[in-house]
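Residue-level structural notes
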Amino acid sequence: VVHFILLFSRQGKLRLQKWYATLPDKERTKITREIIQIILPRGHRTSKFVDWKDLYFCCAVENQDNELLTLQIVHRYVELLDKYFGNVCGLDIIFNFEKAYFILDEFFIGGEIQETSKKSAVKAIENSDMLQEPVKSQEDRKTYTVLFFF
């Protein structure tokens, strides 16, 4: 079970956070600050976190949980982001954070994987996009002829 997922830049800017453990905001802020201060100075060989395109993914899991499975979870999430955004970067997360959260929620709910099929997750995301597109009303579709007489 994952307790939280954090995504932050090399500058320590938090880009995305999803908490599955109930904690007060003050405690979340403290934990986030501590984790960023611990992870950023560490070298690539000493870290058990993923360094990907100037962003760090951080997952807090139980001691007995499989770290390789957690790495696979992060990898699958990145694949979904890549599939949606097409070579995702930090700016995609910043300017489309609602989509990044939606994709995470489609894949992961309550700290556990809900959808392992990349194809099914992408289909749900595409369906959501179609629902959000504005639909023209009958009034918008009418055309009018304007006649001017002098």
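Residues numbered from 1 in each chain as written. Predicted model: local features only at pLDDT ≥ 70, side-chain atom pairs only at ≥ 80, totals over all residues. Heavy atoms only, no water.

Naming follows an unreviewed UniProt entry, where the chain appears as AP complex subunit sigma of Jaculus jaculus.

On to the overall build of the chain. A count of helices and strands for the chain gives six helices and six strands. Secondary structure elements in the chain, listed N-terminal to C-terminal, are β-β-α-β-β-α-α-α-β-β-α-α. Burial analysis of the chain (150 residues in total) assigns 33% to the buried set. Carbon and sulfur atoms form 54% of the exposed surface of the chain, whose accessible area is close to 10500 Å². (Helix = DSSP H or I, 4+ residues; strand = E, 2+ residues; numbered from the N terminus. Buried < 20%, exposed > 50% of the residue type's maximum accessible area, 1.4 Å probe, protein only. Areas by Shrake-Rupley, 256 points an atom, 1.4 Å probe, with all protein chains shown as cover.)

Let us now look at the nonpolar core. Ranked by size, the top nonpolar core spans 24 residues in total, and within it Y77, L81 and F108 carry the most contacts. For this core, the elements supplying multiple residues, two or more each, are β1 (2–9), β4 (55–61), α2 (67–85), α4 (97–107) and α5 (118–132). Counting 10 residues, the second-largest nonpolar core is a separate cluster that includes F4, I35, I39 and C58. (Core = buried A, V, L, I, M, F, W, Y, C linked by side-chain atoms within 4.5 Å.)

Before going further, it helps to examine a nonpolar patch on the surface. Taken together, the side chains of L91, I94 and F95 make up a nonpolar region of the molecular surface, amounting to roughly 310 Å² of accessible area. Locating F95 in the fold gives a position in helix α3 (residues 90–95). Here F95 falls in the exposed class, since its relative accessible area comes to 60%. (Patch = residues over 30% accessible without salt bridge, like charges linked within 9 Å, V, L, I, M, F, W, Y side chains within 5 Å. Salt bridge = Lys/Arg side-chain N within 4 Å of Asp/Glu carboxyl O.)

Before going further, it helps to spend a moment on the pairing of strand β2 (residues 14–19). In this sheet, β2 lies alongside β1 in antiparallel orientation, the contact comprising five bridges. Bridge assignment links I5 to a residue of β2, and that residue is K18. From the end of β1 to the start of β2, which pair antiparallel, there are four residues, and G12 there has a positive phi angle of about 85°. (Pairing = 2+ DSSP bridges.)

Quick look at the pattern of salt bridges now. A full pass over the atoms with the stated rule returns four salt bridges. Close ionic contact of K99 with D129 constitutes a salt bridge, the shortest N to O distance being 2.4 Å. Of the two residues, K99 sits in helix α4 while D129 sits in helix α5, which places them 30 residues apart along the sequence. Here K99 matches D129 in class, with each residue buried.

As a further point, take α2. Along an α-helix, residues three or four positions apart point the same way, because every turn accommodates 3.6 residues. Its 19 residues give α2 an end-to-end C-alpha distance of 27 Å, which sits within 8% of 27 Å, the value for a rise of 1.5 Å per residue. Turning to α2, its buried residues are T70, I73, V74, Y77, V78, L80, L81 and F85. Seen end-on, α2 carries its buried residues on one side only, within an arc spanning 155°. Turned more than 90 degrees away from the buried face of α2 sit L68 and K83, all of them exposed. The N-capping residue of α2, defined by a side-chain oxygen 2.8 Å from the backbone nitrogen of L68, is N66. Positive backbone phi, at 70°, marks G86, one or two positions downstream of α2. (Expected span 1.5 Å × (residues − 1). Arc of directions from axis to C-beta. Polar contact = N/O pair within 3.5 Å; in protein donor to acceptor, adjacent residues only side chain to side chain.)

If you walk through the whole model with that rule in mind, you get four aromatic pairs. For the pair Y84 and F85, a centre-to-centre distance of 5.0 Å together with 90° between the ring planes defines the contact as edge-to-face. Residue Y84 is classed as partly exposed on the basis of its relative accessible area, which comes to 29%. On the basis of an interplanar angle of 35° and a centroid distance of 6.0 Å, the ring pair of F107 and F108 is categorised as tilted. By relative accessible area, which is 3% here, F107 ends up buried. (Phe/Tyr/Trp six-rings, centres within 6.5 Å; stacked < 30°, edge-to-face > 60°.)

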